[in-house]
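Structural characterization, general
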Amino acid sequence: MQHGLSATPAARVERALARRVSNEQPLSGGCVASVRRFDLDGGSRVVVKSSADPAMSLEIEGRMLADLAQRSSLPVPEVLHAEPTLLVMTCVEHDGVGGAGGQRHAAELLAGLHGVTPLASDVPDGWDPRRSFGYPCDTLIGALPQANGWRDSWIGFFRERRLLAMAARAHNARGITTEQRGRIDRLAERLDDLLIEPDAASLLHGDVWGGNVLYHAGCVAAFIDPAISFGHPEIELAFGTLFGTFGESFFDAYRERRPIEPGFFEARRDLYNVYPLLVHATMFGGGYGSQADAIVRRFV
């Protein structure tokens, strides 16, 4: 019998679920871990992420999906088994057909998510949950650690836990130059004048782009691969525009449910997108660091 990481993913799934695997098929999108779909005896299907590296922390991804399911009505795959190198989830049927209707549905779902605030049990004793930014545990964005230590200021949280933390990682990975990092440091000093505090902390999916939104028959079937925390919804909305994920239909529907403050599209959207660009610069290099720097240069 095979044990631990030496076992095949199929054998590990069979052991975890006590079900036989009858077929497997590799799936695209596994830049962080290998992704496969398994057919199980009895006709059900599961999607499985596996890795030989415990640092991938697939258990954290499982917790994030489970937390989203427990705390919100956002549709996500059900987690059937989670450990550091193996994550087993229900298989969500999707056909990629979203269109304007799918974008409106995504807006409805994310507006609902953004109405979820921290619980008193989440935050340090004596803190106001609505004014607390972070999460009860650190999470991941892609393969990268995402620190979520609580702050009572959104701008302070974004400055320390997101912008400067990822700039340091990108610089260490040679995704940005020392000169570019210096400009980010100067931008960080100006954030109090450039960003606004939200009325309340909102639960965020944290990694909403086209590949992480599954559509079926013109509706959202599920959101996958979260990077959750409590923060300002604007950072989520900004990322939704970075790679063309959401457009006019989405934002019209979102505004019907939650306000978008003046100045978001003119300035703050681009400022917030420095963070995911630094994530990409850290993981993939290429021109992402230069894209982030082009935004930073507008403000320093």
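Refer to the structure presented above.
As a convention, each chain's residues are numbered from 1 in the sequence order in which they are written. Residues qualify for local features only when their pLDDT is at least 70, as the model is predicted, and side-chain atom pairs are given and counted only at 80 or more; totals for whole chains, interfaces and linings, by contrast, use all residues. For side-chain calculations, the full set of non-hydrogen atoms in the structure is used, while hydrogens and water are omitted.

The next subject is the overall build of the protein. Along its length, the protein carries nine helices and eleven strands. Radius of gyration here uses only the C-alpha atoms, and the compact-globule reference equals 2.2 Å multiplied by the residue count raised to the power 0.38. Over its C-alpha atoms the protein spans a radius of gyration of 20 Å, differing by no more than 12% from the 19 Å that the globule rule assigns to 300 residues. When accessible area is computed with a 1.4 Å probe and restricted to protein chains, residues below 20% of their type maximum are described as buried, those above 50% as exposed, and intermediate ones as partly exposed. When burial is assessed residue by residue, the protein has 50% of its 300 residues classed as buried. Residue contacts follow a heavy-atom distance rule, with two residues in contact if any of their heavy atoms lie within 4.5 Å. Contacts in the protein between residues at least 24 apart in sequence constitute 66% of all its contacts with a sequence separation of at least 6. Surface accessibility follows the Shrake-Rupley procedure with a 1.4 Å probe radius. Residue values consider only the protein chains on display as shielding. Total accessible area on the protein stands at roughly 13300 Å², and carbon and sulfur atoms take up 48% of it. The convention is simple: Lys and Arg are positive, Asp and Glu are negative, and His and the chain ends are not counted. Lysine's charge is taken at NZ, arginine's at CZ, aspartate's at CG and glutamate's at CD. Across the protein, the mean location of the 30 positive side-chain charges is 3 Å away from that of the 37 negative side-chain charges. Numbering of helices and strands runs from the N terminus, with a helix taken as a DSSP run of H or I at least four residues long and a strand as a DSSP run of E at least two residues long.

So, about the nonpolar core. The term nonpolar core refers to a set of buried residues drawn from Ala, Val, Leu, Ile, Met, Phe, Trp, Tyr and Cys, joined through side-chain atoms within 4.5 Å. The biggest cluster of nonpolar side chains holds 73 residues, and the ones touching the most others in it are F158, L163, F223, F246, F250 and L278. Beyond its immediate stretch of four places on either side in the chain, L163 contacts F158, I184, L187, A188, L191, V274, Y275 and L278. One finds V13, V21, L86 and V88 within the second-largest nonpolar core, a separate group that totals nine residues.

On to the sheet that holds strand β4 (residues 79–83), then. One requirement defines pairing of two strands: DSSP has to find at least two bridges between them. One open sheet holds the five strands; their spatial order is β1-β2-β3-β5-β4, and the pairing between them is antiparallel. The sheet is open, and its two edges are formed by β1 (21–26) and β4, each paired on a single side. Sheet twist, expressed as the mean angle between neighbouring strand axes with direction ignored, is 20 degrees. Bridge analysis of strand β3 (residues 45–50) against strand β5 (residues 86–90) gives five bridges, and the strand direction is antiparallel. Looking at the pairing, V48 lines up with V88 of β5. Of the strands in this sheet, β1, β2 (34–40), β3, β4 and β5 touch helix α1 (residues 9–17), which is tilted by about 55 degrees from β2. Between N-to-C directions, angles cover 0 to 180 degrees, with each direction set by a line fitted to C-alpha atoms, over the stretch in contact for helices. The strands touched by helix α2 (residues 58–71) are β3, β4 and β5; relative to β4, the strand with the most contacts, the crossing angle is about 145 degrees.

Okay, the environment of S73 next. Note that S73 resides in the loop between α2 and β4. Separated by 39 residues in sequence, S73 and G112 have C-alpha atoms that sit 7.5 Å apart.

An α-helix turns once per 3.6 residues; consequently, residues spaced three or four apart project the same way. Taking 1.5 Å of rise per residue, the 15 residues of helix α3 (residues 99–113) would be expected to cover 21 Å, and the 21 Å separating its terminal C-alpha atoms lies within 8% of that figure. Taken residue by residue, α3 has G102, Q103, A106, A107, L109, L110, A111 and L113 as its buried positions. Looking at the buried positions of α3, the neighbouring elements they touch are α2, β8 (202–204), β9 (213–216), β10 (219–223), α6 (233–242) and α7 (248–255). For a helix, the expected span equals 1.5 Å multiplied by the residue count minus one.

As a further point, take the pattern of salt bridges. Throughout this description, the term salt bridge denotes a Lys or Arg side-chain nitrogen within 4 Å of a carboxyl oxygen of Asp or Glu. Counted by the stated rule, this structure contains 18 salt bridges. Among the salt bridges present, the one from D67 reaches R63, with a minimum N-O distance of 3.4 Å. With D67 and R63 both in helix α2 and four residues apart, the pair spans about one turn of that helix. Note that D252 is salt-bridged to R255, the shortest N-O span being 3.5 Å.

Our next topic: unusual backbone geometry. Among all residues save glycine, negative phi is the norm, and among peptide bonds the norm is trans. Although it is not a glycine, R174 adopts a positive phi angle of roughly 65 degrees. The phi dihedral of D225 is positive, around 50 degrees, even though this residue is not glycine. Its location among the elements puts D225 in the loop between β10 and β11 (229–231).

Pairing of aromatic rings covers Phe, Tyr and the six-membered ring of Trp, with a centre-to-centre limit of 6.5 Å; geometry is then stacked below 30 degrees between planes, edge-to-face above 60, and tilted otherwise. On inspection of all chains with the given rule, the structure shows 13 aromatic pairs. A ring pair is formed by Y135 and F230, whose centres lie 5.5 Å apart and whose planes are at 25 degrees; its orientation type is stacked. Residue Y135 is located in the loop between α3 and β6 (139–141), and its partner F230 is located in strand β11; the two are separated by 95 residues in the primary sequence. Like F230, Y135 is buried. On the basis of an interplanar angle of 50 degrees and a centroid distance of 6.1 Å, the ring pair of W154 and Y272 is categorised as tilted. Of this pair, W154 sits in helix α4 (residues 154–172) while Y272 sits in helix α8 (residues 264–284); the two residues are 118 residues apart in sequence, bridging distant segments of the chain. Y272 carries the same exposure label as W154, and that label is buried. Clustering of aromatic rings is evident, with ring pairs tying together F246, F250, F251, Y254, F264 and F265.

That is the geometry; function is a separate question.
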